[in-house]
Amino acid sequence: MAGGAALLLVLLLPVAAAEPPGAGDEGDWEEEAVAEPRGGRVLPGLNALESMDLEFGVCTVTCGIGIREVLLMNGCPGGETKCIVGVEECHGPVDCGLGRPISENSESVVMTCIYIPPENRFKYVWKILAPNKTAHILPNDSAVMEVRRDTHPITYQCETQGNESVIASVKYTVHATTEHQTKQSERIETGQSRKKRADAILVFCLVTGIIFTVGVIFAIIFIILHWAIVKAVLGSKNGQDDTFEKLTNKSSQSDM
């Protein structure tokens, strides 16, 4: 009996040694495998880098939702100082203020919500804002909306929602047809006045350059045609300088 127990113990010892530690904690292992990175969103293959030194790049937006790079600070291939191992979502302030339409003309305006691809990941809520009134929710739930101009200006707002919370908001002011035409004519007049001012400065610089160039050419021609006179003047000046130098030397010697 004792021999049988000893034989059973000898057979069980290699099995116990081969079993990896913590094999029975299967639930803990699964929990660790889906742990989120510091940025908040699970990235493919990033869980293996949790123990490594990571750095996060600058967010691509200053408000709403954007993306940023996840950089590995050591262990990069080729001896690189840092390398990109993935990207993740990043968030700025929700309110992005007044936006600029995608396109507009005298009759309609095309506006867009704030999102990152894929577009269908988010929910979009369009509203009409009015002072001292409750916002009117529109039936449109797409990321892009086209509206026609009215007889008075209207302010639209698009809220981008994710996980039942607002992650971005942008407003658009759609001016009336007459206001749009007035602003467009003002922009045209401003552009024309700037162009005239730039043309005047260009003409002035061009005329000044031409006058300077002509003056230099005339000076060179005069020197070539009257080289003998110029040479004589330069020679007499050099002679006077030599005479003055000799007189100065004699005066200094007499003083000594």
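This structure is a prediction, so every number in the text was calculated from the model and none was measured.

Focus: the sheet that holds strand S4 (residues 95–98)
Inference 1: An order of S4-S11-S10-S7-S8 is seen for the five strands of this open sheet, with the pairing classed as mixed. At either margin of the open sheet sits one strand with a lone partner, and together these are S4 and strand S8 (136–137).
Inference 2: Pairing of S4 with strand S11 (residues 165–174) involves two bridges; the strand directions are parallel. When the bridges of S11 are listed, Asp95 appears paired with Ser169.

What to know about the packing of aromatic side chains
Inference 1: Summed over all chains, the structure comprises one aromatic pair.
Inference 2: Judged by centre distance (6.0 Å) and plane angle (70 degrees), the rings of Tyr115 and Tyr124 are edge-to-face.
Inference 3: Since its relative accessible area comes to 5%, Tyr124 is described here as buried.

Details of the confidence of the model for the protein
Inference 1: Predicted confidence across the protein gives a mean pLDDT of 76, with 68% of residues reaching 70 or more.
Inference 2: In the model of the protein, helix H2 (residues 26–33) stands out as the element of lowest mean pLDDT, 37, in contrast to strand S7 (residues 123–129), which has the highest, 96.
Inference 3: Scored below 50 in pLDDT, residues 1–46 shows 27 contacts in the model against residues more than four places distant or in partner chains.

Details of the side chain of Lys127
Inference 1: Among the structural elements, Lys127 can be located in strand S7.
Inference 2: Here Lys127 falls in the buried class, since its relative accessible area comes to 16%.
Inference 3: Of note is the side chain of Lys127, whose polar atom sits 3.1 Å from the side chain of Glu159.
Inference 4: Not counting the four nearest positions on each side in its chain, Lys127 is found in contact with Ala135, His136, Ile137, Thr155, Tyr156, Gln157 and Glu159.

Considerations on the nonpolar core
Inference 1: Counting 23 residues, the largest nonpolar core has Met111, Trp126, Met145, Val147 and Tyr156 as the members making the most contacts within it.
Inference 2: Elements with a minimum of two residues in this core: strand S6 (108–112), S7, strand S9 (144–148), strand S10 (154–162) and S11.
Inference 3: Of all the elements, S11 adds the most residues to this core, at five residues.
Inference 4: The residues touching Val147, leaving out its near neighbours within four places in the chain, are Glu107, Ser108, Val109, Met111, Tyr156 and Val174.
Inference 5: With five residues, the next largest nonpolar core counts Leu54, Val70, Leu72 and Cys83 among its residues.

Regarding the state of the cysteines
Inference 1: The tally for this structure, following the rule as stated, stands at four disulfides.
Inference 2: Sulfur-sulfur distance for the disulfide between Cys63 and Cys96 comes to 2.2 Å. Between Cys63 and Cys96, the disulfide has an S-S torsion of 120 degrees and is therefore right-handed. Placement of Cys63 in the loop between strand S1 (54–56) and strand S2 (65–72) and of Cys96 in strand S4 is noted, with a sequence separation of 33 residues between them. Comparing Cys63 with Cys96, the two get one shared label, buried.
Inference 3: A sulfur-sulfur separation of 1.7 Å characterises the disulfide bridge that pairs Cys113 with Cys158. Its S-S torsion of about 100 degrees marks the bond between Cys113 and Cys158 as right-handed, since a negative value means left-handed. With Cys113 in the loop between S6 and S7 and Cys158 in strand S10, the pair connects residues that are 45 residues apart, well separated along the chain.
Inference 4: Look at the protein and number its bonded cysteines as they come in the sequence; the links are 1-5, 2-6, 3-4, 7-8.

Scoring rules and cut-offs
Residues numbered from 1 in each chain as written. Predicted model: local features only at pLDDT ≥ 70, side-chain atom pairs only at ≥ 80, totals over all residues. Heavy atoms only, no water. Pairing = 2+ DSSP bridges. Helix = DSSP H or I, 4+ residues; strand = E, 2+ residues; numbered from the N terminus. Phe/Tyr/Trp six-rings, centres within 6.5 Å; stacked < 30°, edge-to-face > 60°. Buried < 20%, exposed > 50% of the residue type's maximum accessible area, 1.4 Å probe, protein only. pLDDT = per-residue confidence, 0-100. Contact = heavy atoms within 4.5 Å. Polar contact = N/O pair within 3.5 Å; in protein donor to acceptor, adjacent residues only side chain to side chain. Core = buried A, V, L, I, M, F, W, Y, C linked by side-chain atoms within 4.5 Å. Disulfide = S-S within 2.5 Å.

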